[in-house]
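Structure at a glance
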Amino acid sequence: MAGAMAADTTQRPEKQRHLELLGLAAAAALLFSRPDLATLATGLGLFLWGMSHLEEAIKRLSGGTLDRWLHGATRSPWRAIGVGALATAVVQSSSLITLLAMSFVSAGLVALPGAIALLFGANLGTTTGAWLIASFGLRFDLAQYAMPLLALGLLGRYRLSGPQAGIAALLLGIGLLFLGIDFMKLGFETWRDGLALDGLAGDRLWHWPLFVLVGIVATVVMQSSHATLLLTLAALASGQLPYLPALAIAIGANVGTTVTAVLGALSSGVAARRLAGAHVIFNLATAAVALALLVPLAWLVDAIAEVVGMTATAWPLKLALFHTLFNLLGIVLMLPWIPQLANLLERRFTEPARLPHSQARYLDSAALNHADTAVAAMEQECRRLDRRAYHLLCSAILMPSAEVIGHAPERHSVSAAIDPDVWPPLNARYHERIKPILTEILAFQARIDVPLTEAQQARLALLQAHTLRMVEAVRFGEVLQRSLLRHGARVSPLREAHDDLRMAVAIGLNRLAAEESGLSIITPIEEVRRHWQNELARRLREHRLDPWLASSLMNDLHQASRMMAVLGETASAG
């Protein structure tokens, strides 16, 4: 039975490869037999390739500027909408802005309502792509501009580095976009009979949802609403597609963009899923309204076109205007409901009541998409590890953290009886509560593969050093706890000294949690160490203390001093 199952699993990849090869052969046969279709497919491929280069260049050149710009905009809904629209118009990628907003929410940098408003703006900003294609891409011969840009971009990409390489990638992306648009225009001009949808342009109710579905499927397959709109605009300009079906396809392209957000949220945390849900709800609601008002909106477009002086047959420009109008209508309708939408999604996608001790809270894969969110996620998780380390260090000195952190420790807390059964070994708690998080932090940092500024690189290095010092302090605490437990009885000759030591460490930990200076953290234990060095010398001379116990106490004082020195360095480094 097991052998049969193993054979079946090994055969599946083989069958999949055969199907892929068969599909590739069929596609090759179709493209070789239809040069016009091959030209169209080439243009689409070049366009999508150019979009990916353009997005990569924007990330590299922004150096975190785009991230900070968008982050600052989320304080006001209208400002978030405006900045989201402007940013999308600049980078020509609503997917980039969507994933960036998801990264912000996952890293805890912005609240959900602000990120939702940012998404609304991104939807509006993506309509500028249709305007650019309709105004310039379909009217001019872009191939003559594409070639110089491609030459400069390719040479620069392999010869330059740093910001210059980013500029080269930008030129390469624009050149590929231009060339892709030109090939797609040529493909539609030669493909006269390949697309005849006039028969579906009647007044039946099922026509419009069908074309909306076409727009959705095309956007999902190509993962780009720009590519769907480019195809639609080119088909419209060449007379292959009627006007009203083209409007319905534009509605479907808007809905299709939600797939990117949903796919990005699948591997992300609860916060990113909430934002993806907001994106789906907004786009579906906007599409429903636009579809219901398709004919009235088309009349409104005609009226506006006549007022601004568009010709009656300027169908691509009218489609761009329609695309902008129905997105703007969706924002106007949904904006007052942002708080209620956020509350609904927070109730639908709830945070787990208690995360497992070994699970990171902030290291969401969505935060890896951008430099600022990756650094912010690292900072929050490192602070979370700090808080766990504080609790373990309180256990190291056999004191409840509630009596150390948050208010000044009191003497009666250290003089109370010590029950060894209450205090599990610190090593076990370290492996349960600290090491798994440390492992995830180091793995997350290794996965950061976006361009970082020098300041961001320095901050990550500082965070790593800070975290490793906290772990080092916990390891010192392990040794200290074992000795304190051995000599914790009230009648122990070391109990008085150990109580002074524990009180000094508690004061230092209290100051560390309150983010006081490194010197104030170290001072209490150093004072106790100097006092007991003198006291030990006196008691040894008077034969009041066994030298073996005296050496144990000296070692404990030294261990506590090293532990607090490490914590003091951590506080000083920030």
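Preceding block: the structure.
One structure accompanies this document, and this report is about it. Keep in mind that this is a model prediction, so the values were computed, not measured. (Residues numbered from 1 in each chain as written. Predicted model: local features only at pLDDT ≥ 70, side-chain atom pairs only at ≥ 80, totals over all residues. Heavy atoms only, no water.)

1. Description of the overall build of the chain
Each helix and strand in the chain was counted, giving 25 helices and zero strands. Each of the 574 residues in the chain was classed as buried or not, and the buried ones make up 51%. Contacts in the chain between residues far apart in sequence, at least 24 positions, make up 80% of those at least 6 positions apart. Of the roughly 26700 Å² of accessible surface on the chain, a fraction of 63% belongs to carbon and sulfur atoms. (Helix = DSSP H or I, 4+ residues; strand = E, 2+ residues; numbered from the N terminus. Buried < 20%, exposed > 50% of the residue type's maximum accessible area, 1.4 Å probe, protein only. Contact = heavy atoms within 4.5 Å. Areas by Shrake-Rupley, 256 points an atom, 1.4 Å probe, with all protein chains shown as cover.)

2. Notes on the packing of aromatic side chains
For the structure on display, the rule yields three aromatic pairs. Summarising the aromatic geometry, the rings of Phe120 and Phe282 are spaced 4.2 Å apart at their centres and angled 25° between planes, so their arrangement reads as stacked. Taken together, the residues span a long stretch of sequence, with Phe120 in helix α6 (residues 112-125) and Phe282 in helix α14 (residues 270-292) at a distance of 162 residues. Phe282 matches Phe120 in its accessibility class, with the two residues each being buried. Seen from their ring centres, Tyr243 and Trp315 are 4.8 Å apart, and the 35° between their planes marks the pair as tilted. On the criterion of sequence distance, the pair formed by Tyr243 in helix α12 (residues 243-256) and Trp315 in helix α16 (residues 315-334) is long-range, its members being 72 residues apart. Owing to a relative accessible area of 12%, Tyr243 belongs among the buried residues under this scheme. Residue classification places Trp315 among the partly exposed residues on the basis of a relative accessible area of 30%. Its guanidinium or amino end placed over the ring of Tyr430, Arg475 lies 4.3 Å from that ring's centre, counting from NZ or CZ. (Phe/Tyr/Trp six-rings, centres within 6.5 Å; stacked < 30°, edge-to-face > 60°. Lys NZ or Arg CZ within 6 Å of the ring centre and 35° of its normal.)

3. Some remarks on the pattern of salt bridges
By the definition in use, this model includes 13 salt bridges. Between Glu381 and Arg384 there is a salt bridge, with the nearest N and O atoms lying 2.7 Å from each other. Of this pair, Glu381 and Arg384 are both found in helix α18 (residues 371-396), three residues apart, which corresponds to roughly one turn of the helix. Overall, Glu381 belongs to the buried group, its relative accessible area being 0%. Glu496 serves as the salt-bridge partner of Arg539, at 3.3 Å between the closest nitrogen and oxygen. Of this pair, Arg539 sits in helix α24 (residues 518-541) while Glu496 sits in helix α23 (residues 495-513), and the two are 43 residues apart along the sequence. (Salt bridge = Lys/Arg side-chain N within 4 Å of Asp/Glu carboxyl O.)

4. Examining the nonpolar core
Counting residues in each nonpolar core, the largest one holds 66 residues, and the members touching the most others are Ile397, Phe444, Ile448, Val505, Leu509, Met563 and Leu567. With 13 residues, the single largest contributor to this core is α18. Here Ile397 is in contact with Leu480, Leu484, Arg502, Val505, Ala506 and Leu509, once residues within four sequence places are set aside. (Core = buried A, V, L, I, M, F, W, Y, C linked by side-chain atoms within 4.5 Å.)

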